[in-house]
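# Structural features, examined
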Amino acid sequence: QVQLVESGGGLVQAGGSLRLSCAASRSIFSINVMGWYRQAPGKQRELVALITSGGSTNYANSMKGRFTISRDNAKNTVYLQMNSLKPEDTAVYYCNAEIKSGSWESYWGQGTQVTVSS
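## Comments concerning the pairing of strand E4 (residues 33–39)
- Extensive coverage of E4 is indicated by the burial of 6 of its 7 residues.
- As paired elements, E4 and strand E5 (residues 46–52) share 6 bridges and run antiparallel to each other. By the bridge assignment, Trp36 is partnered in E5 with Ala49.
- Hairpin connection, E4 to E5: the antiparallel pair is bridged by 6 residues, and Gly42 has positive phi, about 75°.

Next comes the structure, spelled out in structure tokens:
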């Protein structure tokens, strides 16, 4: 089991920046994949970015060049740096952990609200 707690959301102007944090209750060395997803009102939850325990990253096309996922192993924390924010980035952002222990297990944080005004 792992508990995930997101923080760092808020209200920003278009073109501004935010850094989201996801603190895990266990060493992220033991978590195979961590990621950020988001869900806007009336829309499906979508992938934002992924990072593996080995440091490999993947991004959704709409976020490439603007968002950066990173990790601090000593703090058991994964970050999402968001730059050049647009109103369409407004959503609840969720941290996700995927752990392979025989079979894959998924864990989710409660989410943090990001609102971008025009």
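## Considerations on the packing of aromatic side chains
- Taken as a whole, this structure holds 1 aromatic pair when the rule is applied.
- Arranged with centres 5.1 Å apart and planes meeting at 65°, the rings of Tyr37 and Trp108 form a pair that is edge-to-face. With Tyr37 in strand E4 and Trp108 in strand E10 (residues 103–108), this pair connects stretches of sequence that are 71 residues apart.
- Over the face of the ring belonging to Tyr94 we find Arg45, whose NZ or CZ atom lies 3.8 Å from the ring centre.

## Topic: the side chain of Thr77
- Here Thr77 lies in strand E8 (residues 77–82).
- In this structure the side chain of Thr77 is engaged in a polar contact, spanning 2.8 Å, whose partner is the backbone oxygen of Lys75.
- The contacts of Thr77, once residues within four sequence positions are left out, are Ser21, Cys22, Ala23, Ile28, Ser70, Arg71 and Asp72.

## Describing unusual backbone geometry
- The phi dihedral of Asn76 falls on the positive side, at around 50°, and the residue is not glycine.
- Turning to its location among the elements, Asn76 is positioned in the loop between strand E7 (67–72) and E8.
- Even without being glycine, Ser84 reaches a positive phi, approximately 50°.
- Looking at where Ser84 falls in the secondary structure, it is placed in the loop between E8 and strand E9 (91–101).

The rules we used
- All residue numbers refer to position in the chain's written sequence, counted from 1.
- Restriction of local features to residues with pLDDT of at least 70 applies here, the model being predicted, together with a cutoff of 80 or more for giving and counting side-chain atom pairs; totals for whole chains, interfaces and linings are based on all residues.
- Note that water and hydrogens are dropped before the side-chain values are worked out from all heavy atoms of the structure.
- Each residue gets one of three labels from its accessible area relative to the maximum for its type: buried under 20%, exposed over 50%, partly exposed in between, using a 1.4 Å probe on protein chains only.
- A run of DSSP states H or I qualifies as a helix once it reaches four residues; a run of E qualifies as a strand once it reaches two. Both are numbered from the N-terminal end.
- DSSP-based pairing: two strands are paired if at least 2 bridges between them are found.
- Stacked, tilted and edge-to-face pairs are distinguished by plane angle, under 30 degrees for stacked and over 60 for edge-to-face with tilted covering the rest, among Phe, Tyr and Trp rings (Trp via its six-membered ring) whose centres lie within 6.5 Å.
- In this scheme, the term charge over a ring applies when either NZ of a lysine or CZ of an arginine sits within 6 Å of the ring centre and within 35 degrees of the ring normal.
- As used in this structure description, the phrase polar contact means that two N or O atoms lie within 3.5 Å; if the pair is within protein, one of them must be able to donate a hydrogen and the other to accept it, and residues adjacent in sequence are counted only when both atoms belong to side chains.
- Here a residue-residue contact requires only that any non-hydrogen atoms of the pair lie within 4.5 Å.

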